[in-house]
Structure formats: C-alpha cells, structure tokens
Amino acid sequence: RLNDKGVTDTHVVLESWINDYYEYKNWGPVSQLGGKGGLKSLNKFIGEDQANNNVYLTNQFTFASSITSGLSEDTDVAYDGLNIEISAGTMDGQTYYLLNPLTSYKWNQKFLKRMGNYDLLGIAYEELGEIAYPDYNEHASFTKTETVEKYRELLADTKNTNRKIA
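Figured I'd write up the structure that's included with this text. (Residues numbered from 1 in each chain as written. Predicted model: local features only at pLDDT ≥ 70, side-chain atom pairs only at ≥ 80, totals over all residues. Heavy atoms only, no water.)

**Quick notes on the nonpolar core**
Soluble globular proteins: nonpolar side chains tend toward being buried together.
Here is step 1 of the chain: Within the largest apolar cluster, 29 residues are counted, with the highest numbers of intra-cluster contacts made by Leu71 and Leu121.
Here is step 2 of the chain: For this core, the elements supplying multiple residues, two or more each, are helix 1 (35–48), strand 2 (52–59), strand 3 (63–65), strand 5 (94–98), helix 2 (101–114), strand 6 (122–125) and helix 3 (144–159).
Here is step 3 of the chain: With four residues, helix 2 is the single largest residue contributor to this core.
Here is step 4 of the chain: Ignoring any residue separated from it by four or fewer positions in sequence, one finds Leu71 in contact with Ala64, Ser65, Ser66, Asp76, Val77, Tyr97, Leu99 and Trp107. (Core = buried A, V, L, I, M, F, W, Y, C linked by side-chain atoms within 4.5 Å. Buried < 20%, exposed > 50% of the residue type's maximum accessible area, 1.4 Å probe, protein only. Helix = DSSP H or I, 4+ residues; strand = E, 2+ residues; numbered from the N terminus. Contact = heavy atoms within 4.5 Å.)

If you want it as structure tokens, here you go:
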C-alpha cells in the first residue's frame, strides 16, 4: 500500500516481535505478526517487493533478565573486578544483567541459525557496542578491547549471512 502512494524506500525496525522479549531459548514471533507463518509471509513479501523496503528484527544481546530461561548467573553474565555480577538494576522483581561478550556471541550464533528461513529480514542490535567493558568472569574474561573485538566478530558473522544490520 505504501508503494501505491510513492513510498518506496523504508526501514522498519520491529522491537516487540518476539514472544517474551528476553526468552531466547523459547524463540518465536508473536501472534500479532501471525507467528512463524506470518514472519515467513513478511519475508516473502520483501523478496517480491520491487521497492527498497527493509524490515529489521530487534534483538537484545547486551543485557538479559534474571528470569531469562537458560541464563546462568555464573557463566553468562559479566563480573566486575570485585567478582560481583554487573547489573543495570531491578524492575518488577527482575534483575537485568550485563552479558558476558562470549554469551552475547553464542546467543547471536543460535539466533542466526533460527533466522535461516527468514533470509531477507535484517537484524537490529539493541545497545550492542554502546559500552565497551572489561569482564572479569572467570569462565570467559574479556578486556575492553576484547569485548569490542567480540562484538565486531558478532556483527561480521551477521553480515556474512548477507543480512542488513540496523
């Protein structure tokens, strides 16, 4: 319909497209988009559309909620120099943790595999790279520079799937 009105170059970022925003383990598009079938239809439309219309799915691989299924507060979250988990605070009884860069990378790898059927949808990374931080997690420690490098690797892997990044 936008094309009929002369709008032929759009960039749409879908922020609330996933069931339970921080539930990466139980990934799936919300019913308001028509679930997985609706996402496939959107992907097909983008492929058939002659205009330059782009859709990006937002993901959060920088922070995770304490109720995220599969989140290990031992291995998946970042730690400060005093061996304390780094959190961005609590809200509604949930703690929001800064993720270990290796966890961010691994979660993105899983996400890219799940996105295989939706090859024309781009990806938007919420807050990724806004802060460079050292992580003293004994299971996978990172300097600030190593964190930046891991994020670059994450983005390069996404780019190598021929996806647009917002």
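That covers the picture; the talk isn't over yet.
**Thoughts on the sheet that holds strand 6**
Here is step 1 of the chain: The three strands lie next to each other as 1-2-6, forming an open sheet whose pairing is parallel. Of all the strands in the sheet, the pair left with one neighbour each is strand 1 (9–14) and strand 6. For this sheet, the mean angle separating the axes of adjacent strands, direction not counted, is 30°.
Here is step 2 of the chain: By the bridge criterion, four bridges tie strand 2 to strand 6 in an arrangement that is parallel. Paired with Asn59 across the bridge in strand 6 is Tyr125. (Pairing = 2+ DSSP bridges. Axes fitted to C-alpha atoms, helices over the stretch in contact; angles between N-to-C directions.)

**Things to note about the packing of aromatic side chains**
Here is step 1 of the chain: Enumeration over the complete set of coordinates arrives at three aromatic pairs.
Here is step 2 of the chain: With 6.1 Å between their ring centres and 55° between their planes, Trp17 and Phe111 make a pair best called tilted. Of this pair, Trp17 sits in the loop between strand 1 and helix 1 while Phe111 sits in helix 2, and the two are 94 residues apart along the sequence.
Here is step 3 of the chain: On the basis of relative accessible area, Trp17 is assigned to the buried category, the value being 0%. (Phe/Tyr/Trp six-rings, centres within 6.5 Å; stacked < 30°, edge-to-face > 60°.)

**Observations regarding the pattern of salt bridges**
Oppositely charged side chains can form a pair if their charged atoms are brought close together.
Here is step 1 of the chain: Within the structure shown, the criterion is met by three salt bridges.
Here is step 2 of the chain: Across the pair Glu149 and Arg152 runs a salt bridge, and its minimum N-O distance is 2.8 Å. Residue Glu149 and its partner Arg152 are both found in helix 3; the two are separated by three residues, about one turn of the helix.
Here is step 3 of the chain: Of the charged contacts in the structure, one is a salt bridge between Lys150 and Glu153, with a shortest N-O distance of 3.1 Å. Highlighted residues: Lys150 and Glu153, both in helix 3, separated by three residues, approximately one helical turn.
Here is step 4 of the chain: Using a relative accessible area of 33% as the deciding quantity, one classes Glu153 as partly exposed. (Salt bridge = Lys/Arg side-chain N within 4 Å of Asp/Glu carboxyl O.)

**A short note on the pairing of strand 2**
Each regular strand shows side chains that alternate between the opposite faces of the sheet.
Here is step 1 of the chain: A large share of strand 2 lies buried, amounting to seven of its eight residues.
Here is step 2 of the chain: Where strand 1 lies against strand 2, six bridges are found, and the strand directions are parallel. Counted as the bridge partner of Val13 is Tyr56 from strand 2.

**Section: the sheet that holds strand 4 (residues 87–91)**
Here is step 1 of the chain: Overall, antiparallel pairing links the three strands, which are arranged 3-5-4 in an open sheet. Two strands lie at the open edges of the sheet, namely strand 3 and strand 4, each paired on one side alone. Each adjacent strand pair in this sheet contributes to an overall mean axis angle of 20°, direction not counted.
Here is step 2 of the chain: Pairing of strand 3 with strand 5, which is carried by three bridges, proceeds in the antiparallel orientation. Its bridge partner being in strand 5, Phe63 is matched across the sheet by Leu98.

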